[in-house]
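The chain contents come next:
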Amino acid sequence: MDAALFVQKGKTGVGMVLRNVAREFMVACALVMEGCLPVREAEAIGVLEALSWIYSLGLDKVIIETDAKAVVDSFSVYEEDGSEFGSIISCYKTLLRSGVD
């Protein structure tokens, strides 16, 4: 999963690739959103969208790869964060608790 900002076009993109256990390509998904989000929020939304996609496919026991250290680090933070980033993180923690491994 990775996010990209298209500042001149005022858009944010998210790309995801699904691979099997042998790391072979299976399917890809790309989303484009209106507005140019801050990088941290774009990456967090990308993880949330990846989780939603995985959940909709009925998959479990997945590994999400991302280069977004702030998003990865947020998994180990237990305090509430009232920012937009914190709200996105709260959403994907809730989704994970609902059954996506």
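Up top you'll find the structure we're talking about.
The structure displayed is predicted, hence computed values, not measured ones. Note on numbering: residues in each chain are counted from 1, in written sequence order. A pLDDT threshold of at least 70 governs which residues receive local features in this predicted model, and a stricter bar of 80 or more applies before side-chain atom pairs are shown or counted, although totals over entire chains, interfaces and linings include all residues. Heavy atoms throughout the structure, all of them, feed into the side-chain values; hydrogens and water do not.

A. A look at the pairing of strand β3 (residues 25–34). Two strands pair under a simple rule: DSSP has to find at least two bridges between them. Segments assigned H or I by DSSP are reported as helices when at least four residues long, segments assigned E as strands when at least two residues long, and all are numbered from the N terminus. Where strand β2 (residues 11–19) and β3 come together, 9 bridges link them in antiparallel fashion. Note that in β3 the partner of Met16 across the bridge is Cys29. Counted along the chain from β2 to the antiparallel partner β3, the turn is 5 residues long, and its residue Arg23 has a positive phi close to 65°.

B. How the structure looks around the nonpolar core. To qualify as a nonpolar core, a set must consist of buried Ala, Val, Leu, Ile, Met, Phe, Trp, Tyr and Cys residues joined through side-chain atoms within 4.5 Å. Relative accessible area decides the class of each residue, using a 1.4 Å probe on protein chains only: under 20% of the type maximum gives buried, over 50% gives exposed, and in between gives partly exposed. Ranked by internal contacts, the top residues of the largest apolar core, which has 22 residues, are Met1, Val14, Met16, Ala44, Val47, Val71 and Tyr92. Mapped by element, the contributors of at least two residues to this core are β2, α1 (39–56) and α3 (84–97). Among the elements that take part in this core, α1 stands out by supplying 8 residues, more than any other. It only takes one pair of heavy atoms within 4.5 Å for two residues to be counted as in contact. Excluding residues within four positions of it along the chain, Met1 makes contact with Val14, Gly15, Met16, Glu43, Gly46, Val47, Ala50, Glu65 and Thr66.

C. Focus on α1. Take the number of residues in a helix, subtract one, and multiply by 1.5 Å to get its expected span. The end-to-end C-alpha separation of α1 is 25 Å, in line with the 26 Å expected for 18 residues at 1.5 Å each. If you check which residues of α1 are buried, you get Glu41, Ala42, Glu43, Ala44, Ile45, Gly46, Val47, Leu48, Ala50, Leu51, Trp53 and Ile54. Buried residues along α1 sit against β1 (2–6), β2, β3, α2 (69–74) and α3. Gly58 sits one or two residues past α1 and shows a positive phi near 75°.

D. Quick look at α3. For α3, with 14 residues, the first-to-last C-alpha span of 20 Å sits near the 20 Å given by 1.5 Å per residue. Within α3, the full set of buried residues consists of Phe85, Gly86, Ile88, Ile89, Tyr92, Lys93 and Leu95. Buried positions along α3 lie against α1 and α2.

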